[in-house]
Amino acid sequence: MSPVLNQLLISVFIFTDFTACPTTTPTTPTPTPTTSLHTNTTPDSTTSTNSTTATFVTGVTSASTFNTATTPPTTEIITTAPSVSNATLTTHSISNTTLTTHSVSTTTMATPNIFTTTKAASSVSTTTTTPSVSTTTTTPSVSTTTMDTTTISTSTTSKPTTAAPTTPKVQEILMSVTLNKTFKEEYTDKDSPEYKDLEKDINDTLWQQYQGIKGFHSVSVRGFRQGSVIVDFTVRTTQVIPAQIVEANKKLEETIKPVATVLSPVVAHYYSPTFMMLSPKTIYTAEPIKLNCGPPEIDVGTNPSFLWKFKGVEITKETRRFQVFSSEKQSTLTVSNVNLADAGFYECILRGDILFHQNKMIEEIKAAPNIQAPGEIFVQCQVGGITSLNCCVQSLYNVQWFDGSVTLESVTVPVQGQNCIKHDYTMTSCNKKIFTCKVEESIYEHKTTLTFFQGAPLCNDDVYGEGRANDRASVTCDKGQQGYKTAVCLEKTGKWKKDEDTCILLEINELLSQSADLNTGNVQEFTRNLTRVVKKKQEVIPDSSATISAIVVILNTIANVSEVVSEDFMQDILETIDVIIGEDTKESWDFLNAYKTLKSSSELLGSLETLSDKQNGTFTIRTQNIRFRTTTFSNSFNEELNDNVSIKIPDTGFNSIFITTITLFTLNYVMPTRDSSFNFSHVNTTDTGNAINAAVLLVKVNETIHNVSLSYNKLNTSLSLKPQCVFWNFFLFDDRGAWDDEGCQFVSDINDTVTCSCNHLTSFSILMATDIPESSKFVLDVITYVGVGISLASLVICLIIEGYVWREVTKNSTAFMRHVCIVNTALSLLIADICFIIGASITKQSFDKPNYLVAIGPCSAATFFMHFFYLGMFFWMLVSGLLLFYRTVMIFSHMSKWIMLAIGFILGYGCPLIIAVITVAVTSPGKGYIRKDKTCWLNWFETKALLALVIPALTIVVINILIILVVLYKMLRRNTAHTEERHALLVIIRCVAILTPLFGLTWSLGVGTMVSPKDEGIHIAFAFFNSLQGFFILVFGTLFDSKICARLAGRGRTISSGSNPTGSTSGGTSSLSGLNFINRLLKRQNYSRGANSRSNSSGSES
């Protein structure tokens, strides 16, 4: 092509900045980046060209003017990838050339797009699309030159327009490799020369190794970590092909050897930019959650498998609350029974040739609403009556009562830390009603059933309300607890009997949930937290059997998870156990041990045995109820562990033996007393007739010991029968455990110290009988019931006789007061025996309860009246003695019988009433007025309330004996002036002298049964004398009175004569023959005294 033609081919770039050119020569402007350019041309022939940089227009005209104009855009912009078409220009012949220059002004307006139209005789049209940017450009002028030519022929061809593909996204693969190279501190400083040198060497190797993978973009070192030298680097690529990456990783081990050898294979990680899916969005404790992982955005390679982590710790399949369900590319983690500690960072890893990571942070888990409302209550139906429905929830929530879908009007009840409401329901019918207490803005609700019944309720108390026989009521727990309590209305007792209690402290329940996922890494911190909570709640834990059971489960988990037990760790364990084995936990443990399916006490002891095998070091720990010691010995061991237990291990032949001893002083309140012969089919599983009568000693050594001697001081020195040396056998009764004597022998019982010998080591104690043998119980029952029957009959006969002869035998004040005393003595004993029968009936009903616990209310009432009237009996005996003393010693003092009667009633009933009331007032606040089990009677072991009967009774016995001695001395020195009075005094002396020792002996034996509860002889003697007291009063207080016998005999003969004059077969005479016999005996006994007194008296004694 000629130079002239080159000048005629003008390339015009459409851009946002034009430069003025001379008019004599063709000018090509320098293009600048434009926003988006769309040019339409109407030529004779048209060619379209796409470009991201500029648009050129080539035009050639013959003897004409070339004009260019720019106008605003009117069409949509299409963005494409770079592509430029080629143009071919062909020229034939040129005859002459004429150059004409015109001035053209072009203006481009500031618009999102620029639209330019150029018209010429021959033109090329080009369309260009670029990202749109608003631009304003002004050019002064553009010169256009038109040349005349002879013939110009132009032909342009181009390729079809094609849309470019989208730019691929660059993916980052994080990798690490461990080099056999000494780590320097300078490698942590990216500005240090050492860091830069090592980075350069490794980067060069990495570029060399990874640039060959398909889609490679770049590779760079991220940093260095210690562990020899761990190199972290990132490979960036537009295509992740696991096979290529794996191959490159393998080759890296060879190519990087000039820097350092590789200690471990290269690991490739890909971290997903998206989070796992979580459901539900709002999480409450005790509810399940689901985390969905995958599918991955990349191909991870061959043999993929999922791994889950929580807070950096792998979630294993053995974890009870965590379940994982996986397919080839997706996995779901389900967490059941969520607790507050489940909040945190979850990570899912799909392991293949490349490790795919996806995570989710759970920021918050809310404590689930704890709705406290009754489950089912029974109400006596009274149409128009009002029943209150209460519902409470934590202060974070609000509740509302509903009847179906109808909102009920409620009032707020102020309770600290809770939102409580009350709805007063007015009964419109006796049909069962179901109400719902709902938490606002949540799905939580609680249904309460009201069951109405007709007639009077059988059971009624403040906790379970009213109920009929066999009704089962369900009520809510106390504040700060969750669960429920149910009770059954017993027809026999008319009382609610608790048969289920799931009330557990919220804090302990949260820890119980967390303990399911314990591991060696967090067990110590968890144990410290458990101890803190238990100490904080130690005032309420003893009364919650469910909480105690939960703590035992937690301790068992801790023992199984722990590997090494340090001193601080063991201190926390023992302080926790100390709270749940105190004396105040006895009732809760009795309730737990009564259930055949529970083995909490055995699990507690098992946890201690497990922990004792994992001790690290030697140390001693002492708490209120426990002494722990781990030490070493050589050959033999002999130590008094405390004042209650000592241990002796003779020659063993071993050196440096580790021994751990744990002495538990109060485990007698915790462990059941069943032995290997116990029968679990019994209705009550807590009463065995035995007692743990010593501390429980746990001994562990790291060698086999075949001979150990143990000495225990008795806890209850009154127990002496059948001592058994036992150990706790965990495997008896389907792993529920029991005391077993295999391998242990009783050696001696001297000075309340029991010595045992065993051929193995474990948890030891001693069992002793707490009750009289079964063979003696039948004999005692027969004696008691037959004797009480005779006593009641005798007292009724005594009162009938006294009433029958009252006028004839009470003619003087002394005789009057004598018979007043005997009548009130008999009446007091009669009422006391009736109360005894009532108390025995109440006791029999207690056999259905754990540990034979008696009904407190009825039993206390029966005990109070027994106490009062037994005291009344003794105090009327005291009145008899004081009357005798008054009439014998104070012979010149005269007191009317009404004054004496008033004094008698004040002493006979006033003093017993004062003593009985004071006893109740002093002992009831501590629940120590009566015995808690097996019988309705005054307490002895805890408060010694029985002394309120024994001390006054024995004091009266002593006073009466002294009075008898004084009176006998006085009567031997002088005679009484009046025969009638003398007769009364003699009868009083005889009555007091006989009955006082009998009554005193009876109640002395009663004390003996308390001091020696296993002595069969004392029990039988007490039962005999106690049951026949009424018979003694009849014989020695009434029938030994000669005047009464004579009066009865005389009237008997009169009646007999009237009915049968001949008297040969007189039934009346026969019927009184016994009385006549006693009367004759009395006459013979008093004959000599009567003969001596006849000279000084005016009447006969008879």
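S.K.: For this particular structure, what's the right way to read a nonpolar patch on the surface?
M.R.: On the surface, F778, V779, V782, V786, I790, I1020 and F1031 cluster together to form a nonpolar patch covering roughly 580 Å² of accessible area. With five residues, helix α11 (residues 774–809) is the single largest residue contributor to the nonpolar patch.

S.K.: Got a minute to help me understand the packing of aromatic side chains in this structure?
M.R.: What describes a pair of aromatic rings is the distance from one ring centre to the other and the angle between the planes of the rings. Scanning the model with the defined rule gives 27 aromatic pairs in all. Between F619 and F628, the ring centres sit 5.5 Å apart and the planes meet at 20°, which makes this aromatic pair stacked. For the pair formed by F619 and F628, the shared burial category is buried. Taking the centre distance of 5.1 Å and the plane angle of 80° together, the rings of W728 and W739 count as edge-to-face. Of this pair, W728 sits in strand β45 (residues 724–729) while W739 sits in strand β46 (residues 738–740), and the two are 11 residues apart along the sequence. Assessed through its relative accessible area of 1%, W728 is described here as buried. A relative accessible area of 1% means that W739 is categorised as buried.

S.K.: For this particular structure, what's the right way to read the sheet that holds strand β27 (residues 418–426)?
M.R.: As a general point, the strands of a sheet are linked pairwise by backbone hydrogen bonds and lie either parallel or antiparallel. Taken in spatial order, the three strands make up an open sheet running β23-β27-β26, and their pairing is antiparallel. Every other strand in the sheet has two partners, leaving β23 (386–394) and β26 (411–415) as the edge strands with one partner each. Adjacent strand axes in the sheet meet at a mean angle of 30°, parallel and antiparallel pairs treated alike. Of the strand pairs in this sheet, β23 and β27 are connected by nine bridges, and their pairing is antiparallel. By the bridge assignment, C392 is partnered in β27 with C420.

S.K.: Which parts of the structure should I look at to understand the packing of helix α7 (residues 567–580) against helix α9 (residues 600–612)?
M.R.: Contact geometry of α7 with α9 gives a least axis separation of 12 Å together with a crossing angle of 165°. Judged on the interaxial angle alone, α9 and α7 are roughly antiparallel. Crossing of α7 over α9 shows left-handed handedness. Residues M570, I573, L574, I577 and I580 of α7 touch α9, and the partners they reach there are L604, L608 and L611. Taken together, the residues that form the contact of α7 with α9 break down as eight nonpolar, no polar and no charged.

S.K.: Honestly, the packing of helix α8 (residues 586–594) against α9 in this entry has me stumped. Any pointers?
M.R.: Any two packed helices are characterised by the angle at which their axes cross and by the distance between the axes. Where α8 meets α9, the axes come as close as 8 Å, and the angle between the chain directions of the two elements is 105°. Taken together, the axes of α8 and α9 lie roughly perpendicular to each other. Judged by residue contacts, W589, L592 and N593 of α8 engage S600, S601 and L604 from α9.

S.K.: What should I look at first to understand unusual backbone geometry in this one?
M.R.: In terms of backbone geometry, most residues other than glycine have negative phi values and most peptide bonds are trans. Going from S279 to P280, the amide bond is cis rather than trans, its omega being -5°. Mapped onto the elements, P280 comes out in the loop between β14 (277–279) and β15 (289–293). Of note, the amide linkage connecting G294 to P295 takes the cis form, showing an omega dihedral of -5°. Structurally, the position occupied by P295 is in the loop between β15 and β16 (305–310). Phi is positive for F733, which is not a glycine, with a value near 55°. Positionally, F733 belongs in helix α10 (residues 732–735). Given a relative accessible area of 22%, F733 falls into the partly exposed group.

S.K.: Teacher, can you tell me more about the nonpolar core here?
M.R.: In a soluble, globular protein the nonpolar side chains are often hidden away together inside. With 70 residues, the main nonpolar core has Y870, F874, L949, L995, W1003 and I1033 as its most contacted residues. Sort the elements by how many residues they give to this core and helix α13 (residues 856–889) lands first, with 17 residues. If we ignore the near neighbours within four places in the chain, the residues touching L949 are H867, Y870, L871, W937, L938 and W1003.

S.K.: Quick question: what am I supposed to make of the sheet that holds strand β10 (residues 171–179) here?
M.R.: Pairing in this open sheet of eight strands is mixed, and the strands run β11-β12-β10-β13-β21-β20-β16-β17 from one edge to the other. Of all strands in the sheet, those bounded by a partner on one side alone are β11 (216–226) and β17 (313–314). Where β16 lies against β17, two bridges are found, and the strand directions are antiparallel. The partner of F310 across the bridge, within β17, is V313. Its contacts with the sheet put helix α2 (residues 193–210) on β10, β11, β12 (229–237) and β13 (262–271), and the angle it makes with β11 is roughly 140°.

S.K.: Looking at this model, I keep getting lost on the pairing of strand β19 (residues 331–335). Mind explaining?
M.R.: Remember that side chains alternate between the two faces of the sheet whenever the strand is regular. By the criterion of burial, β19 is predominantly enclosed, with four of the five residues buried. In this structure, β15 lies alongside β19, joined through five bridges in antiparallel fashion. Each residue of the ladder has a partner; that of N292, found in β19, is T332. In this sheet, β19 lies alongside strand β18 (residues 322–326) in antiparallel orientation, the contact comprising five bridges. Within β19, the position partnered with F325 by the bridge is T332.

S.K.: I tried to follow helix α5 (residues 523–536) on my own but got confused; where do I start?
M.R.: In an α-helix, one turn spans 3.6 residues, which is why side chains three or four residues apart end up on the same side. With 14 residues, α5 should cover 20 Å at 1.5 Å per step; its first-to-last C-alpha distance of 20 Å lies within 8% of that length. Of all the residues in α5, the buried ones are V523, F526, T527, L530, T531, V533 and V534. Buried residues along α5 cover an arc of 165° about the axis, so they all sit on one side. Across α5 from its buried face, at more than 90 degrees, point the exposed residues E525 and K536. Those residues of α5 that are buried are in contact with α4 (506–515), α6 (545–561) and α7.

S.K.: Before we go on, may I ask you to explain the state of the cysteines in this structure?
M.R.: Simply put, the disulfide is a covalent bond whose two ends are the sulfur atoms of two cysteines. Under the definition given, this model contains nine disulfides. Each disulfide pairs two cysteine sulfurs, and for C392 the partner residue is C420, the sulfurs being separated by 2.0 Å. Sign of the S-S torsion, about 120° for the bond between C392 and C420, identifies this disulfide as right-handed. Linking C392 in strand β23 with C420 in strand β27, this pair joins segments that are 28 residues apart in sequence. C420 shares its class with C392; the two are buried. Note that C859 is cross-linked by a disulfide to C936, the S-S spacing being 2.0 Å. Because the sign of the S-S torsion sets the handedness, a value of about -135° for the bond joining C859 and C936 places this disulfide among the left-handed ones. Placement of C859 in helix α13 and of C936 in the loop between α14 (897–923) and α15 (947–973) is noted, with a sequence separation of 77 residues between them. Assessed through its relative accessible area of 0%, C859 is described here as buried. Of the residues examined, C936 reaches a relative accessible area of 5% and is grouped as buried.

S.K.: How should I be thinking about the environment of A286 in this particular structure?
M.R.: On the secondary structure map, A286 appears in the loop between β14 and β15. Residues A286 and A367 lie 81 residues apart in sequence; the distance between their C-alpha atoms is 8.5 Å. Filtering out sequence-adjacent residues up to four positions away, A286 remains in contact with N337 and V338.

S.K.: In this structure, what is going on with the pairing of strand β34 (residues 484–489)? I would like to understand it.
M.R.: Of all six residues making up β34, five are buried, and the element is well covered by its neighbours. Bridging between strand β32 (residues 472–476) and β34 involves five bridges; their strand directions are antiparallel. The residue of β34 that forms the bridge with R472 is V488. Summarising the sheet, β34 and strand β35 (residues 496–501) pair through five bridges and their orientation is antiparallel. In the strand pairing of β35, A487 is matched with K498. Linkage of β34 to β35, two consecutive antiparallel strands, is achieved through a turn of six residues, within which G494 is found at a positive phi near 70°.

S.K.: I'm lost on the layout of surface pockets in this one. Help?
M.R.: Where empty space is left can be seen by rolling a probe of water-molecule size over the atoms. Taken as a whole, the second largest pocket holds about 880 Å³ of empty space. Where the lining of the second largest pocket is concerned, the elements lending two or more residues are β29 (445–453), β32, β33 (481–482), α4 and α5. It is α4 that contributes the most residues to the lining of the second largest pocket, eight residues altogether. Within the lining of the second largest pocket, the residues separate by chemical class into 16 nonpolar, 17 polar and seven charged.

S.K.: Sorry, what's going on with the pattern of salt bridges here?
M.R.: Side-chain pairs of opposite charge can arise where the charged atoms are in close proximity. Considering all chains together, one arrives at 19 salt bridges under this definition. A salt bridge links D204 to K200, with the shortest nitrogen-to-oxygen separation between them at 3.2 Å. Of this pair, D204 and K200 both sit in helix α2, four residues apart, which is roughly one turn of the helix. With relative accessibility at 54%, the residue K200 sits in the exposed group. For K433, the salt bridge goes to D403, with nearest N and O atoms at 3.0 Å. Of this pair, K433 sits in strand β28 (residues 433–439) while D403 sits in strand β24 (residues 399–403), and the two are 30 residues apart along the sequence. For D403, a relative accessible area of 26% translates into the label partly exposed.

Criteria and cut-off values
Residues numbered from 1 in each chain as written. Predicted model: local features only at pLDDT ≥ 70, side-chain atom pairs only at ≥ 80, totals over all residues. Heavy atoms only, no water. Patch = residues over 30% accessible without salt bridge, like charges linked within 9 Å, V, L, I, M, F, W, Y side chains within 5 Å. Areas by Shrake-Rupley, 256 points an atom, 1.4 Å probe, with all protein chains shown as cover. Salt bridge = Lys/Arg side-chain N within 4 Å of Asp/Glu carboxyl O. Helix = DSSP H or I, 4+ residues; strand = E, 2+ residues; numbered from the N terminus. Phe/Tyr/Trp six-rings, centres within 6.5 Å; stacked < 30°, edge-to-face > 60°. Buried < 20%, exposed > 50% of the residue type's maximum accessible area, 1.4 Å probe, protein only. Pairing = 2+ DSSP bridges. Axes fitted to C-alpha atoms, helices over the stretch in contact; angles between N-to-C directions. Parallel < 35°, antiparallel > 145°, perpendicular 65-115°, else oblique. Left-handed = near helix turned anticlockwise from the far one by under 90°. Contact = heavy atoms within 4.5 Å. Nonpolar A, V, L, I, M, F, W, Y, C, P; charged D, E, K, R; others polar. Core = buried A, V, L, I, M, F, W, Y, C linked by side-chain atoms within 4.5 Å. Expected span 1.5 Å × (residues − 1). Arc of directions from axis to C-beta. Disulfide = S-S within 2.5 Å. 1 Å grid on protein atoms, 1.4 Å probe; cavity = no way out; pocket = protein on both sides within 12 Å on 5 of 7 lines; lining within 4 Å. Points joined across faces, edges and corners; volume = space filled by probe spheres on them.

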